[in-house]
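Architecture and fold: a report
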Amino acid sequence: MKRRPELLSPAGDFERFEAALRFGADAVYLAGSSFGMRAGPQNFPEEDLIKAVKKAHEKGVKIYLTLNTLPRNSEIPLLPGFIEMTANAGVDAYIAADIGTMAYCKKYAPSVPLHVSTQAGIVNYLTANEFYNMGAERIVTARELSLSEIAEIRAKTPKELQIECFVHGSMCMSFSGRCLLSNYLTGRDANRGECAQPCRWQYALMEKTREGRYFPVNEEEDGTYILNSEDMCMIEHIPELIDAGIDSFKIEGRAKSAYYTAVITNAYRAAIDTYMSSESGSFVLPEWILDEVRKVSYRDYCTGFYFDSPHEKANISFEGGYRREWDVTAVVENCSDGFIYCEQRNKFFKGDLLESLEPGKKPQTFTAEELFDENGEPIDSTPRAMMKFKIRSDLKFAPGTILRKQNTK
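The rules behind each value
Residues numbered from 1 in each chain as written. Predicted model: local features only at pLDDT ≥ 70, side-chain atom pairs only at ≥ 80, totals over all residues. Heavy atoms only, no water. Helix = DSSP H or I, 4+ residues; strand = E, 2+ residues; numbered from the N terminus. Buried < 20%, exposed > 50% of the residue type's maximum accessible area, 1.4 Å probe, protein only. Contact = heavy atoms within 4.5 Å. Areas by Shrake-Rupley, 256 points an atom, 1.4 Å probe, with all protein chains shown as cover. Phe/Tyr/Trp six-rings, centres within 6.5 Å; stacked < 30°, edge-to-face > 60°. Lys NZ or Arg CZ within 6 Å of the ring centre and 35° of its normal. Pairing = 2+ DSSP bridges. Axes fitted to C-alpha atoms, helices over the stretch in contact; angles between N-to-C directions. Parallel < 35°, antiparallel > 145°, perpendicular 65-115°, else oblique. Left-handed = near helix turned anticlockwise from the far one by under 90°. Nonpolar A, V, L, I, M, F, W, Y, C, P; charged D, E, K, R; others polar. Expected span 1.5 Å × (residues − 1). Core = buried A, V, L, I, M, F, W, Y, C linked by side-chain atoms within 4.5 Å.

Scanning the chain for helices and strands turns up ten helices and 20 strands. The buried share of the chain, taken over its 409 residues, is 54%. Contacts in the chain between residues at least 24 apart in sequence constitute 68% of all its contacts with a sequence separation of at least 6. Carbon and sulfur atoms provide 49% of the accessible area of the chain, an area that totals close to 19300 Å².

Here it is in structure tokens:
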């Protein structure tokens, strides 16, 4: 019998949380108001956290709270109260990297499971076993491991210890995210959730006696991106991930948009379900699922280090920026009386070809031949942010369906 993996999606705020929930996540990882490795997003203050946990549990979805910063001395007195508050909110696990933080989780919230963050840099079964002996129920492996190394960890650790791995999203150029580049260049500490991502910046070479004269490291006009990693995408390798013993498939992206969360969660949900329903040896992903991962902002994709070690294939992206080939146009509120009632997200025009993003379904394309404002007056475009409008169509979409169009720029 096939073993079904957990699909774990990111949420940087309530909108992204709702996208993960709607599009098929089994669990969502997010941060409270402190101690999370993404300080940029809004995250979840106490009231929002309580609301999110309640809503997730009603749908049978788990909430994992990130406590994975490396706190300084001044922050330690704040930990007990924060841990107790989030435990009372009902979170299903803590994700921690710091041994002291783990000890406090066990002391102040002993009934909440402990997951060891990728920040801990777990690369062998000895370390995995020691974390298990310390009370961890799950480890998140370092992203630098191959599938065969993960399989060996699985074989040499208790079956009760779960293994979680990143399967999609941005990759840090530093080992397990332990980077000081942001701190050095901007004063923003990456290990406390404030990374400015200077590895994505353009760089050139300058000789110290020739100040202001910059020489590209390669022949490109804009310099080089020698620190800039490609994005990981393992959607075509669901069977190999499961066979290696991975229990939870983690999508990176708490700082990314709700649309990104929706698309990538939906794609991996569909891929996992397709694999689970396929006959042995006959797994082939439909083309529409493969296409989905390129309908968000992304860099060139690679398979991380699952099949190639870092020194053999560095996965450097030489483009620097993201590709963005699709724009969200609207969100469907309801469909009735021959109309699709929507709320605008980006301007589009009458006659544009639109495509739906609906949980678990192949996208449908249709032409917006007739548009009307909320008063029923014909319009040629949707120029106002968040405006209500309707499209004449007999198509039926569930509330919350996203409409998008291909970017022709």
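Moving on from the model shown.
For the rest of this paragraph, the subject is the packing of aromatic side chains. A full pass over the atoms with the stated rule returns ten aromatic pairs. For the pair Phe-366 and Phe-397, a centre-to-centre distance of 5.9 Å together with 35 degrees between the ring planes defines the contact as tilted. Linking Phe-366 in strand β16 (residues 365–367) with Phe-397 in the loop between β19 (388–392) and β20 (402–406), this pair joins segments that are 31 residues apart in sequence. An identical accessibility class is assigned to Phe-366 and Phe-397; each is buried. Feature note: the residues Phe-14, Phe-17 and Phe-44 constitute an aromatic cluster, connected by ring pairs. Positioned above the aromatic ring of Trp-326, the side-chain terminus of Lys-295 is 4.8 Å from the ring centre.

Ordered by their spatial adjacency, eight strands build an open sheet running β16-β15-β20-β13-β14-β19-β17-β18, and the pairing between neighbours is antiparallel. The outermost strands of the open sheet, each flanked by one partner alone, are β16 and β18 (378–379). Bridge count between strand β13 (residues 326–336) and strand β14 (residues 339–344): six bridges; the pairing is antiparallel. Each residue of the ladder has a partner; that of Val-332, found in β14, is Cys-342.

Let us now look at the packing of helix α3 (residues 79–89) against helix α4 (residues 99–108). One can describe the packing of α3 onto α4 by two numbers: an axis separation of 10 Å at closest approach and a directional angle of 55 degrees. The pairing of α3 with α4 is recorded here as oblique in orientation. At the point where α3 passes α4, the crossing takes the right-handed sense. Counted together, Leu-79, Pro-80, Ile-83 and Glu-84 of α3 and Thr-101, Tyr-104, Cys-105 and Tyr-108 of α4 form the full contact between these two elements. Within the contact of α3 with α4, the residues separate by chemical class into six nonpolar, one polar and one charged.

Side chains that are three or four residues apart share a direction in an α-helix, a result of its 3.6 residues per turn. Compared with the 28 Å implied by 1.5 Å per residue over 20 residues, the 28 Å span of helix α9 (residues 258–277) between its first and last C-alpha is a close match. Most of α9 sits inside the fold, with 17 of its 20 residues counted as buried.

Our next topic: unusual backbone geometry. In this model, Asp-337 sits at a positive phi of 55 degrees, which is unusual for a non-glycine residue. Secondary-structure assignment places Asp-337 in the loop between β13 and β14. The backbone phi angle of Met-386 is positive, close to 65 degrees, even though this residue is not glycine. Position of Met-386 among the secondary structure elements: in the loop between β18 and β19. Taking the relative accessible area as the measure of exposure, Met-386 reaches 45% and is therefore partly exposed.

Quick look at the nonpolar core now. Counting residues in each nonpolar core, the largest one holds 88 residues, and the members touching the most others are Phe-17, Tyr-94, Ile-235, Tyr-268 and Tyr-306. If you tally residues by element for this core, the top one is α9, at 13 residues. Non-local contacts of Tyr-268, meaning those with residues more than four positions away in its chain, are made with Leu-7, Val-167, His-168, Cys-233, Met-234, Ile-235, Ile-238 and Ile-251. Ala-330, Val-332, Cys-335 and Ile-391 belong to the second largest nonpolar core, which has 16 residues in total.

Further remarks concern the pairing of strand β11 (residues 248–251). Taking every second residue as pointing to the same face, both faces of β11 are buried, with Ser-248 and Lys-250 on one and Phe-249 and Ile-251 on the other. In terms of strand pairing, strand β1 (residues 6–10) meets β11 through three bridges, oriented parallel. Considered in β11, the bridge of Leu-8 is made with Lys-250. Where strand β7 (residues 162–169) and β11 come together, four bridges link them in parallel fashion. Its bridge partner lying in β11, Phe-166 is registered against Lys-250.

A word on the environment of Glu-152. Tracing the backbone through its elements, the reader meets Glu-152 in helix α6 (residues 147–155). Each C-alpha atom, one on Glu-152 and one on Ala-244, is 8.2 Å from the other, the two residues being 92 residues apart in sequence.

Bringing the environment of Leu-8 into the picture now. Take Leu-8: it is sitting in strand β1. Between the C-alpha atom of Leu-8 and that of Asp-26, which follows or precedes it by 18 residues, the distance is 6.1 Å.

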